[in-house]
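# Geometric and topological summary
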Amino acid sequence: MVVVPYVALAREKRDALQEVWCPCGLRVGGFMSGECPTGGFAGVDVAVCTLEAANGLINRLVEEDAVASLGIVVVDELHVVGDASRGYILELMLTKLLFLTHEKSLSIQLVAMSATLSAGSVLARWLGAAWFSGSYRPVPLREIVKAGSSLYGTDGVFLETYTPRLTLKGDPDHVVSLVHEVAHLGHSVLIFCPTRAWCERLALLIASAFRDLLNSPGPVPPVPVDEVSLSHLVRCLRRCPSGLDSTLSRTIPLGVAFHHAGLPSLHSARSRLHPFAVGRSQPPGEASDREGGGGPPPRDASQEQGSTAR
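As the structure is a prediction and not an experimental result, all values here were calculated from the model.

## Let's talk about the sheet that holds strand S8 (residues 150-153)
With antiparallel pairing, the three strands of this open sheet are ordered in space as S7-S8-S9. This sheet does not close on itself; its edge strands, each paired only once, are strand S7 (144-147) and strand S9 (158-161). Neighbour-to-neighbour, the strand axes of the sheet open up by a mean angle of 25°, direction not taken into account. Alignment of S7 against S8, held across four bridges, turns out to be antiparallel. When the bridges of S8 are listed, valine 145 appears paired with tyrosine 152.

The structure is reproduced here in structure tokens:
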């Protein structure tokens, strides 16, 4: 069982694992948001679940006295256990697993992972787990906090005053200017937004600013885009069974894309998304909800407003 916190991430993880394991004869199914594969849990070898679905599956296995069929549980984004609204669900599920392994002498391996967990060793002790941590990053990370026009290090030390090159109505935090600084050099940017609506509004705002720079040359350089590849991408996405989101159709030609749980999974269209994956068009991208992704890491990541194994 693979447990992730969000529907969008569960869908992408299911699709990715199906691509790798189905040719080997392993059955991978997703349990999320009312979705359940034919045959239920007994019909799959690997179940990819959201928190609620995983908790419900474990409850059913206990009721049917079939918990022994569960060999390993992999929990991604363990830090969600501290979430005020949904963390208790993960805590309940982990508590049941601990009870089943310790009191019922069942052999269920638990692997929990997080890249942002600050109290990993504490949770490891609670889980009776070995604690593994590492600091390796494929891309060096420099964290800067922007408050108003001031830039600070994570230690709270003032660094400098930020002067935006682009000032737009509806962008009091100068997000568009921050994105432009990186994007006009041909690098990609990843932005995390708190809501789906915010995600789409910001994508439209950035795309509109990039269009104005292209149409009205001035002292601020435009963001380079591969118009041929992006036009081809739009045509391919329109031919997908789910079609192309109307907002994406307006932002992609400017090199701006977004994804959230309200959009259909595009994993099956990976070949059509190839221009983004290989960096030929280097789009700034946005994501609401927490989700994973492939392709090269972004040059810059912005946000608005370790692992344990037993």
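From this point, the narrative continues.
## Here we look at the packing of helix H2 (residues 51-63) against helix H3 (residues 87-102)
The N-to-C vectors of H2 and H3 enclose an angle of 30°; their axes lie 9 Å apart at closest approach. In terms of orientation, H2 lies roughly parallel with respect to H3. In the crossing of H2 with H3, the sense of the turn from one axis to the other is left-handed. Contacts from Leu51, Glu52, Ala54, Asn55, Ile58, Asn59 and Val62 in H2 reach Ile89, Leu90, Leu92, Met93, Lys96, Leu97 and Leu100 in H3. Its residues placed into classes, the contact of H2 with H3 shows 10 nonpolar, two polar and two charged.

## Observations concerning the pairing of S9
Summarising the sheet, S8 and S9 pair through three bridges and their orientation is antiparallel. By the bridge assignment for S9, leucine 151 is matched with glutamate 160. Linking two consecutive strands that pair antiparallel, namely S8 and S9, is a turn of four residues; a positive phi of about 90° is found at glycine 156 within it.

## Some words on the state of the cysteines
Enumeration over the complete set of coordinates arrives at zero disulfides. In this structure cysteine 24 is a free cysteine whose sulfur lies 8.9 Å from that of cysteine 22, the closest cysteine sulfur available. You can see cysteine 199 has no disulfide; the closest cysteine sulfur is in cysteine 193, sitting 4.9 Å from it. Cysteine 199 gets classed as buried once you look at its relative accessible area, which sits at 0%.

Conventions we followed
Every chain is numbered independently, its residues counted from 1 as its sequence is written. Local features in this predicted model are restricted to residues of pLDDT 70 or higher, and side-chain atom pairs are both shown and tallied only at a pLDDT of 80 or more, whereas totals for entire chains, interfaces and linings draw on every residue. Side-chain metrics rest on all non-hydrogen atoms present in the structure, leaving aside hydrogens and water. Two strands qualify as a pair provided that DSSP identifies no fewer than 2 bridges between them. Helix and strand definitions here come from DSSP, where helices need a minimum of 4 consecutive H or I residues and strands a minimum of 2 consecutive E residues; each element is numbered from the N-terminal end. The angle between two axes is taken between their N-to-C directions and runs from 0 to 180 degrees, where each axis is a line fitted to C-alpha atoms and a helix contributes only its stretch in contact. Roughly parallel covers angles under 35 degrees, roughly antiparallel covers those over 145, roughly perpendicular covers 65 to 115, and oblique covers all other angles. Put simply, a crossing is left-handed when the front helix is turned counterclockwise from the back one by less than a right angle, and right-handed when it is turned clockwise. The criterion used for residue contact is that any of the two residues' heavy atoms lie within 4.5 Å. Put simply, Ala, Val, Leu, Ile, Met, Phe, Trp, Tyr, Cys and Pro go in the nonpolar bin, Asp, Glu, Lys and Arg in the charged bin, and everything else, Gly too, in the polar bin. The disulfide criterion is simple: two cysteine sulfur atoms within 2.5 Å. The cut-offs for exposure are 20% and 50% of the maximum accessible area for each residue type, with area from a 1.4 Å probe on protein chains only; residues under the lower value are buried, those over the upper are exposed, and the others partly exposed.

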